[in-house]
Amino acid sequence: MTFDRPIKIAPSILSADFANFGAEIRAIENQGADWIHVDVMDGHFVPNLTFGPAAVKSFRPHVCTFMDVHLMISPVDPYIEAYANAGADLITAHVEAGPHIHRTIQTIKATGKMAGVSLNPATSVESVRHVLDMVDLVLVMTINPGFGGQDFIPSCIDKIRCIREMIADRPVYLQVDGGINGHTAAQVVRAGADVLVAGSAVFAGGSVDAPEIYGNNIRHIRAEAAKGMIAESGEF
Ligand code: DX5
Ligand code: ZN
């Protein structure tokens, strides 16, 4: 398989300074972020709490690229319209969040936003097979969701490969999230991922006063990811 799609780096603002989101978003975009990844947690579906729709709406004016909203909440359907109105460009829901993922995706699409579907590390790839024609993105969790800074789960590589094959020629992004850094980036790209979420690996050591460190981190992940593309296309 030849990879001609550009790799996107989507920093998760879960690792940003929570007192300074506007400046943090501007800093990572100036330093090369392709998308801004917003992790929404409810203290029920995952054991952590983050951003309601009002918070996400307050991020919107600072985002010049693309706002990718990852909903780790259950139930999810009653809140989709609020996150769409908050300015999400793409809304991702989990297959584990309720019994009717098909309806959830219909609800997202009805808002006019792009739709993503996500699956946790222990969830079978079969859970997304029958919605692939409806979605714009599949998010393979490479950690158990809830917190940044966890170790990448190696068994997820095989899932990425399976889902890339299942996606085939569809215009569907394959995103990975959790434990992505310079070391794991090439592995996930080689398996077929094309959107890489990274929190701690982007924000490590930097700040709005030292944004060039964010830039170095993003360039490092991108360069390592490119090695996975070269390896996959058989050039070495
Ligand atoms: C976790 C979130 C991730 C998280 C990734 O539930 O979905 O986006 O912020 O953080 P790192 O890159 O530090 O593993
Ligand atoms: Zn996420």
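Analysis parameters
- Residues numbered from 1 in each chain as written.
- Chains lettered and ligands numbered in written order.
- Predicted model: local features only at pLDDT ≥ 70, side-chain atom pairs only at ≥ 80, totals over all residues.
- Heavy atoms only, no water.
- Phe/Tyr/Trp six-rings, centres within 6.5 Å; stacked < 30°, edge-to-face > 60°.
- Helix = DSSP H or I, 4+ residues; strand = E, 2+ residues; numbered from the N terminus.
- Axes fitted to C-alpha atoms, helices over the stretch in contact; angles between N-to-C directions.
- Parallel < 35°, antiparallel > 145°, perpendicular 65-115°, else oblique.
- Contact = heavy atoms within 4.5 Å.
- Donors = N, O, S within 2.8 Å, 3.2 Å for Na, K, Ca; no water.
- Tetrahedral: all angles 85-135°; square planar, octahedral: opposite > 155°, others 65-115°.
- Buried < 20%, exposed > 50% of the residue type's maximum accessible area, 1.4 Å probe, protein only.
- Near = heavy atom within 4 Å.
- Polar contact = N/O pair within 3.5 Å; in protein donor to acceptor, adjacent residues only side chain to side chain.
- Areas by Shrake-Rupley, 256 points an atom, 1.4 Å probe, with all protein chains shown as cover.
- 1 Å grid on protein atoms, 1.4 Å probe; cavity = no way out; pocket = protein on both sides within 12 Å on 5 of 7 lines; lining within 4 Å.
- Sits in = over half its atoms within 2 Å of the grid points.
- Nonpolar A, V, L, I, M, F, W, Y, C, P; charged D, E, K, R; others polar.

Visitor: Residue-level account of the packing of aromatic side chains, with values.
Guide: Overall, the coordinates contain 8 aromatic pairs when judged by the stated rule. Ring geometry for Trp35 against Tyr173: centres 5.1 Å apart, planes inclined by 90 degrees, an arrangement best described as edge-to-face. Of this pair, Trp35 sits in the loop between helix H1 (21–30) and strand S2 (36–41) while Tyr173 sits in strand S7 (residues 173–177), and the two are 138 residues apart along the sequence. Cluster of aromatic residues (ring-pair linked, three or more members): Phe18, Phe21, Phe51 and Phe59.

Visitor: Account for the packing of helix H6 (residues 156–167) against helix H7 (residues 182–191), with residues named and values stated.
Guide: The N-to-C vectors of H6 and H7 enclose an angle of 30 degrees; their axes lie 8 Å apart at closest approach. Relative to H7, the element H6 lies roughly parallel. Packed against H6, whose contacting residues are Ile157, Ile160, Arg161 and Arg164, the element H7 presents Gln187, Val188 and Ala191 at the interface.

Visitor: A description of the coordination of the zinc ion (ligand 2) should follow, citing residues and the corresponding values.
Guide: All of the protein donors around the zinc ion (ligand 2) are His37 (NE2), Asp39 (OD), His70 (ND1) and Asp177 (OD); their distances to the metal are 2.0 to 2.3 Å. For the zinc ion (ligand 2), the 6 donor atoms in the first shell make angles of 67 to 166 degrees at the metal, a pattern classed as octahedral. Of note, the donors binding the zinc ion (ligand 2) are all from one chain and are spaced H-x1-D-x30-H-x106-D. Note that His37 is positioned in strand S2 and Asp177 in strand S7, a separation of 140 residues in sequence. You'll find His37 and Asp177 in the same group, each marked buried.

Visitor: Describe the site of ligand 1, listing the residues and the values that go with them.
Guide: Surrounding ligand 1, one finds 21 residues, the nearest of these being Asp39, Gly146, Asp177, Gly199 and Ser200. Within the side chain of His70, an N or O atom sits 3.3 Å from an oxygen atom of ligand 1. The separation between an oxygen atom of ligand 1 and a polar main-chain atom of Gly149 is 2.8 Å. When the free accessible area of ligand 1 is taken as 380 Å², the share hidden by the protein chains comes to 100%. Here ligand 1 occupies the largest pocket. Elements with a contribution of two residues or more to the shell around ligand 1: S2, strand S3 (67–72) and strand S8 (195–198). Considered class by class, the residues forming the shell around ligand 1 number 9 nonpolar, 10 polar and 2 charged.

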